[in-house]
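# An overview of the molecular structure
So the chains spell out like this:
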Amino acid sequence: MELVKKKEDCCGCRTCEKVCPVEAITMEADECGFLYPQINHDKCIDCGLCLKKCAFQSGYETRKEYEPFYGYGARHKKEEIFTNSRSGGAFTAISDYILSENGAVYGAGFDETKGISYVMHKRAVTKEDRDEFRGSKYVQSDLADVFVQIKKDLEEERKVLFTGTGCQVGALYKYLGREYPQLYTVDIVCHGTPSPKIWADFVKMREKELQGKVEKADFRDKKRVGWKGHGETLWIDGKPYPSKVYTRLFHKEFSRPSCYQCRYTNKNRTGDITIADFWGHEKAIPGQWDDDKGISLILVNNARGMELWDRVKNDMEYTDCTGYPYRHMNMKHPSKISDRYEEFWKDYTEQGFEYCAKKYADYDSNTGFQSGSGKKGTDSFFRKLKRLARK
């Protein structure tokens with residue numbers, strides 16, 4: 001059995017590992033830190049189930065029923081919630097409903113053992129645990145055993161909300177193999193999934209320099225740089241240490257190889273609801289919420305999504321933007337691979353992370369910022385987004 005002929009064919013969702021009837025598949029990280037399936041051919045019975053269940057290679061069933069989308073620009077009515085959310089607090093409103101129904105919410109958080117340096121999908125049944133899932137995590141999350149846990153919750157007739165990238169949501173449905181009326185899914189418009197190893201190395205480098213343990217991380221610190229800005233902040237002993245080093249590496253396009261041939265960067269969404277930052281809101285809803293505090297774009301893809309939206313929309317201030325030509329480039333095509341992609345990974349494997357941080361992000365270890373750009377540097381990535389939004 002040959003499951004992955006080239007790395008571009010695998011998004012690392014673990015579905016093949018979980019469906020193998022003889023446990024012949026394990027996921028192992030390559031030199032770049034991305035997980036890929038390894039088959040024990042002494043155990044393999046060549047049943048082909050792993051390839052059949054691979055949503056990235058064998059295809060996925062779109063959840064989209066509405067044409068065009070029912071689209072909304074939205075912000076949570078409670079300032080405390082949208083201030084502590086990446087955009088407008090849409091995820092919090094949706095997950096609050098599921099939790100109020102004694103349901104389970106699955107999202108990306110930090111590993112309890114490895115700490116801030118490792119992002120993984122987790123289960124929450126309280127608001128306190130769910131709050132960890134708020135805010136963007138610009139690194140590929142490990143799905144671990146969550147598909148198995150979700151199936152158990154569903155078979156116990158518990159309501160479940162799963163939120164993740166398009167490939168993760170598509171993989172969940174392929175794994176389950178059937179519809180569950182109590183399952184709700186939200187996919188995010190994804191730019192790409194950077195390596196877990198790069199993130200771990202960045203955290204380790206900063207801990208060494210600052211001589212402390214990182215206890216909290218914000219990949220896009222909205223309170224510091226505003227919603228339209230982009231820069232990470234790490235906290236050590238309660239003190240914030242901002243930078244843009246990891247942000248710059250992310251925008252240089254050093255994501256998983258499959259991201260540059262992504263099957264999910266289109267309008268045939270995998271979730272019942274799609275959420276994103278509402279770039280281009282200035283033209284869609286001119287003059288509304290023009291305060292750089294964050295706006296969610298909510299796209300309702302089907303009747304199940306509309307049922308969910310109807311239950312949570314009273315917690316939101318929102319404007320109907322149905323029919324607006326949304327400008328998100330990753331709803332049109334995959335991110336473009338960097339001309340320096342191969343060069344970066346060669347440097348990383350041979351020279352290490354700090355060398356790459358200096359070479360590709362102009363990192364100054366004395367300040368934690370890029371030399372010559374400082375705290376107020378504007379990322380070209382966001383300038384490009386703004387240009388697209390104005391067109």
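One structure accompanies this document, and this report is about it. Because the structure is predicted, anything quoted here is derived from the model rather than measured. (Residues numbered from 1 in each chain as written. Predicted model: local features only at pLDDT ≥ 70, side-chain atom pairs only at ≥ 80, totals over all residues. Heavy atoms only, no water.)

## Some points on the overall build of the protein
Of regular secondary structure, the protein possesses 16 helices and 15 strands. Here the C-alpha radius of gyration of the protein, 20 Å, is about what a compact globule of 391 residues would show, namely 21 Å. Taken along its principal axes, the extent of the C-alpha atoms in the protein is 55 × 55 × 40 Å. Sorting the 391 residues of the protein into buried and exposed places 56% on the buried side. (Helix = DSSP H or I, 4+ residues; strand = E, 2+ residues; numbered from the N terminus. Rg over C-alpha atoms; globule rule 2.2 N^0.38 Å. Buried < 20%, exposed > 50% of the residue type's maximum accessible area, 1.4 Å probe, protein only.)

## A closer look at the packing of aromatic side chains
Inspection of every chain in the model, using the stated rule, returns 30 aromatic pairs. On the numbers, 6.4 Å between centres and 70° between planes, the contact of tyrosine 138 with phenylalanine 219 is edge-to-face. Pair noted here: tyrosine 138 is in the loop between helix H6 (127-130) and helix H7 (146-155) and phenylalanine 219 is in the loop between strand S8 (214-218) and helix H10 (222-225), with a separation of 81 residues, a long-range link. The same class applies to tyrosine 138 as to phenylalanine 219, namely buried. Taken together, Phe34, Phe254, Tyr260, Tyr341, Phe344, Trp345, Tyr348 and Tyr360 form an aromatic cluster joined through their ring pairs. Lying across the ring of tyrosine 36, arginine 256 places its NZ or CZ 4.4 Å from the centre. (Phe/Tyr/Trp six-rings, centres within 6.5 Å; stacked < 30°, edge-to-face > 60°. Lys NZ or Arg CZ within 6 Å of the ring centre and 35° of its normal.)

## Examining the sheet that holds strand S3 (residues 70-76)
What holds strands together in a sheet is hydrogen bonding between their backbones, with the strands either parallel or antiparallel. Spatial ordering of the open sheet is given by S5-S4-S6-S7-S11-S12-S3-S13, a layout of eight strands whose pairing is mixed. Only two strands of the sheet have a single neighbouring strand rather than two, namely strand S5 (115-124) and strand S13 (316-320). Averaged over all neighbouring strand pairs, the angle between strand axes comes to 25°, with direction disregarded. As paired strands, S3 and strand S12 (residues 296-300) are joined by five bridges and run antiparallel to one another. Counterpart to tyrosine 70 in the pairing with S12 is valine 300. (Pairing = 2+ DSSP bridges. Axes fitted to C-alpha atoms, helices over the stretch in contact; angles between N-to-C directions.)

## Here we look at the packing of helix H9 (residues 196-210) against helix H14 (residues 341-351)
Two numbers describe how H9 lies on H14: the axes approach to 13 Å, and their chain directions differ by 50°. Relative to H14, H9 is oriented oblique. In this structure, the crossing between H9 and H14 has a hand that is left-handed. Judged by residue contacts, Lys197, Ile198 and Asp201 of H9 engage Phe344, Trp345 and Tyr348 from H14. Broken down by class, the residue content of the contact of H9 with H14 amounts to four nonpolar, no polar and two charged. (Parallel < 35°, antiparallel > 145°, perpendicular 65-115°, else oblique. Left-handed = near helix turned anticlockwise from the far one by under 90°. Contact = heavy atoms within 4.5 Å. Nonpolar A, V, L, I, M, F, W, Y, C, P; charged D, E, K, R; others polar.)

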